[in-house]
Every structure is written in C-alpha cells, then in structure tokens.
Amino acid sequence: FLILILLSSCSSEPDLIVNSPSHTEAKVINIISSITLQDQEFNLETQKTKILVKILKGNDKDKEIVITQQLISNGKEMGIPRIGDTVILTESPLGDGTSALQITDYKRNGITLTAFLIFAVFLCLTGGIKSIIFFGVIIFILLITAFILLPLFSYGISPITLTFLFSLILCTLVNLLIYNFNEKSKNIILSNFFSLFVVTIFAYIFASSGAFSPLLSGIYAQGTNAGSIIASAILLSSVGGIINISANSFNLTKDIKKRNQDADILDIVITTIRYSKSSLFLNLFFVSFIFIGLSLPVLIARYKIYSFASIINQDILSFYIIALSISGLGIIIANITTSVFSAYTLLT
C-alpha cells in the first residue's frame, strides 16, 4: 500500500534517459575501424573507433548508424564494445567543442534479471515454503529501498536517520517472523538496536571524514550530505551480520545456562563470548570476502600502474575498507551485547 502511494514520487529518470531523444538503446553490429592518436602535450592517448550500431527504441528503431567513439586513456574509459552488446548512446561533448552520439554505458538489465531469477529458482527448490517467504522478504527490502528510502532521500531527509530507522524496523520484523514476540526476540532485538546505534555513530564519523563526494557524482550529490549517504551504505551492510550473530549468541547463552545452573551473569557472558568465537569469526570472514570480492575488479585494473598505498587510497576501496571495519565492529558489539542481555534475562 505504501509502495503504491509513493510510486508517483519515485524518479523515473533512468527510463527517461534511455528513451529521450539524446539517449537511446542500440545494438553493436560491427567494429569498422579503430585508430589511436597521441597527444604529446598532455601525454594522453585518444582512441577513435568507428562502430556500426542498430537503434533498438524510439522513432529511429531498426535504423543502422555509424558512430565515432572517442576513448581517452585516463583510467576510466569504457573500452571498445563487443559485437552483439546492447549499449546506451548519449549525445556527448567531444574534445573539439562539438557533440556527437557516444556510448556511455551498457544495457545490463537482461543479465541482471537472469542471475536473480536463477537464484530465486534454486532457493525455492532447496528451501521449500520457508525459502519462498525468505525470498519475499528480500524483494520487500529491495522495493522499500527503491520506492521509499530513495524518494525520501531525494526530498532532503537525512539518509542516515532514515536508514537507521529502516534497519531497526527490519531487524524487528525479521526477528518477530522467526521467533514471535517472546523472551528470545526481545533480547535479540534489544541487542540489534544497540549494535546498530554504535555502527551508525562510527559509520557517520568515518564516512564524513573520508571525502567520499566523488562517489556521488552529479546534481543529486551536490545537495545531499555525502557522508550521510556513505554512512547509510555502511549501516545497511552490517544488518545481516548483526542479526545472525545475535541469534547465534542467544542460543549459545541458553545452552550454557542449561549446562551450568549455578553460573552467574559474568560467568555466562564470558563463556558465551569464548565459545561463540567460531561463529563470530565466520561472520567476519563472510563480510570480509564480500568486500574483497567487490574490490577485485578495481585491484586488477590498477595493480600494475599504482602502488598498493595508492590503490587503497582510491575512494571506492577506501569506502569498502571502512565499511568492512565498521560492519565488523557491529558484529562484535552484537555478540557482546546479546550475551549480556540474554544472561541478565535468564538469571532475573
């Protein structure tokens, strides 16, 4: 219901960009020629490639045109497309002051949707009814992000505040769905709240101090607090790990209490933390390898050109390292707080 209300306020800019007169989809038919020009004054190589493409949408649908793609070797060029690629053409300024159609991006919707559908099919086949509910939760999160959070961000509402509230609601709903409203859910939810609060504070401090504005290029970023948006991303990246470690720690606390009825709060907390190390480390490894994997394309593209210190100074890699560190901190805090809250509840 909320999605339907807010749908009209969601920006349709991506569709407008693709279908507007200066932006259109096209399919690469042939690479006609390619030459490289050296600019001695600025030590830059400009590659001019003639590419035959067929327009896929709009008034010129099925029309074949030749574009001269200019690629400047500055480390951020798109490269020459392959025959069969679906690309986005944009009327772009050239170095000589004129403008012409250029390939500005690739159309990836098809392959993205295919990967998501394969994941959904295998999840439902292996997990049964529960997996369908779980997949519905994932879709719900994506829809909430796209149709509620992003529009509210664009209205100038603080992204970190909204994300913090959204994370709290999400943790509460997930735990209530799994455990109902009982002793277990109350302790885990309380631990989640505290952990997310700590993550929010540290994420905002480090994101605001990291000069991450280049990650948010365009007009949208100019009127928005870049640190708040980056902190929101870090906060969301920690939610899954916090929920998981909290549940594991609570279960372990109950088992320890059953085995040692005479233990006091301190004994239970220390024992829980000691025996939950394996689960804690697995969660940290889980988060670490996600960010390492996401960083790999950047590392491969730059490791022969830049020193390691320069590579990790790249805005995207610096963001990943900070996100990994703060998410890991949240997981550790969740482990400790769940142990404390659960032990206190079990003994009072």
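The structure this text deals with has already been given above.
Residues numbered from 1 in each chain as written. Predicted model: local features only at pLDDT ≥ 70, side-chain atom pairs only at ≥ 80, totals over all residues. Heavy atoms only, no water.

Which residues make up the overall build of the chain, and what are the values?
A count of helical and extended segments in the chain gives 11 helices and five strands. Burial analysis of the chain (348 residues in total) assigns 36% to the buried set. A separation of at least 24 residues holds for 62% of the contacts in the chain among residues at least 6 apart in sequence. Counting only carbon and sulfur atoms, one obtains 65% of the accessible surface of the chain, whose full area is about 20,400 Å². (Helix = DSSP H or I, 4+ residues; strand = E, 2+ residues; numbered from the N terminus. Buried < 20%, exposed > 50% of the residue type's maximum accessible area, 1.4 Å probe, protein only. Contact = heavy atoms within 4.5 Å. Areas by Shrake-Rupley, 256 points an atom, 1.4 Å probe, with all protein chains shown as cover.)

Let's hear about unusual backbone geometry: which residues, and what values?
A positive phi is found at D62, a non-glycine position, where the angle reads about 75°. Mapped onto the elements, D62 comes out in the loop between β2 (44–55) and β3 (64–72).

Any details on helix α3 (residues 109–154)? Residues and values, ideally.
Its 46 residues place the ends of α3 only 24 Å apart at the C-alpha level, less than the 68 Å of an ideal helix rising 1.5 Å per residue. When the local axis directions of α3 are compared, the greatest deviation, roughly 140°, occurs at G128. Turning to α3, its buried residues number three or more, namely A120, L123, S131, F135, I144, I148, L149, P151 and F153. At the exit of α3 stands G156, carrying a positive phi of roughly 95°. (Expected span 1.5 Å × (residues − 1). Bend = angle between axes of the 7 residues up to and from the residue.)

So what's going on with the packing of aromatic side chains? Which residues, and what values?
Applying the stated rule across the entire model yields seven aromatic pairs. Ring centres 6.1 Å apart and planes at 25° place the aromatic pair F285 and F289 in the stacked group. Here F285 pairs with F289, and both are found in helix α9 (residues 277–302), just four residues apart, close to one helical turn. Since its relative accessible area comes to 55%, F289 is described here as exposed. Site record: aromatic cluster; members linked through ring pairs are F116, F119 and F135. (Phe/Tyr/Trp six-rings, centres within 6.5 Å; stacked < 30°, edge-to-face > 60°.)

Would you mind going over the side chain of Q102 in detail, with residue names and values included?
Looking at the element boundaries, Q102 is found in strand β5 (residues 99–106). When sequence neighbours within four positions are dropped, the list of residues in contact with Q102 reads T68, Q69, Q70, I88, L89, T90, S92 and L94.

Go over α9, please, and point to the residues and values.
Taking 1.5 Å per residue as the helical rise, α9 with its 26 residues ought to reach 38 Å, and the 36 Å between its terminal C-alpha atoms agrees with that figure. The largest bend along α9 reaches roughly 40° and is located at L296, with the proline P297 sitting one to four residues downstream. Restricting attention to buried positions, one finds in α9 the residues S279, L280, N283, V287, S288, F291, S295, V298 and R302. Where α9 is buried, its residues touch α7 (226–259), α10 (308–312) and α11 (315–346).

Describe in detail a nonpolar patch on the surface, supporting the description with residues and values.
Together, F197, I201, F202, I205 and F206 make up a nonpolar patch on the protein surface, roughly 460 Å² of accessible area in all. Counting through the fold element by element, F202 comes out in helix α5 (residues 183–209). Among the residues examined, F202 registers a relative accessible area of 35% and is labelled partly exposed. (Patch = residues over 30% accessible without salt bridge, like charges linked within 9 Å, V, L, I, M, F, W, Y side chains within 5 Å. Salt bridge = Lys/Arg side-chain N within 4 Å of Asp/Glu carboxyl O.)

How would you sum up the pattern of salt bridges? Please name residues and give values.
Tallied over the full model, the rule gives three salt bridges. A salt bridge links E25 to K107, with the shortest nitrogen-to-oxygen separation between them at 3.2 Å. In this pair, E25 is assigned in strand β1 (residues 23–39) and K107 in the loop between β5 and α3, connecting sequence segments 82 residues apart. For E25, a relative accessible area of 6% translates into the label buried. The exposure class assigned to K107 is partly exposed, which follows from its relative accessible area of 30%. The partner of D105 in a salt bridge is R108, and the shortest N-O contact between them spans 2.9 Å. Residue D105 is classed as partly exposed on the basis of its relative accessible area of 31%. Classification of R108 by relative accessible area gives partly exposed; the value is 44%.

By themselves, these observations are geometric and do not establish any function.
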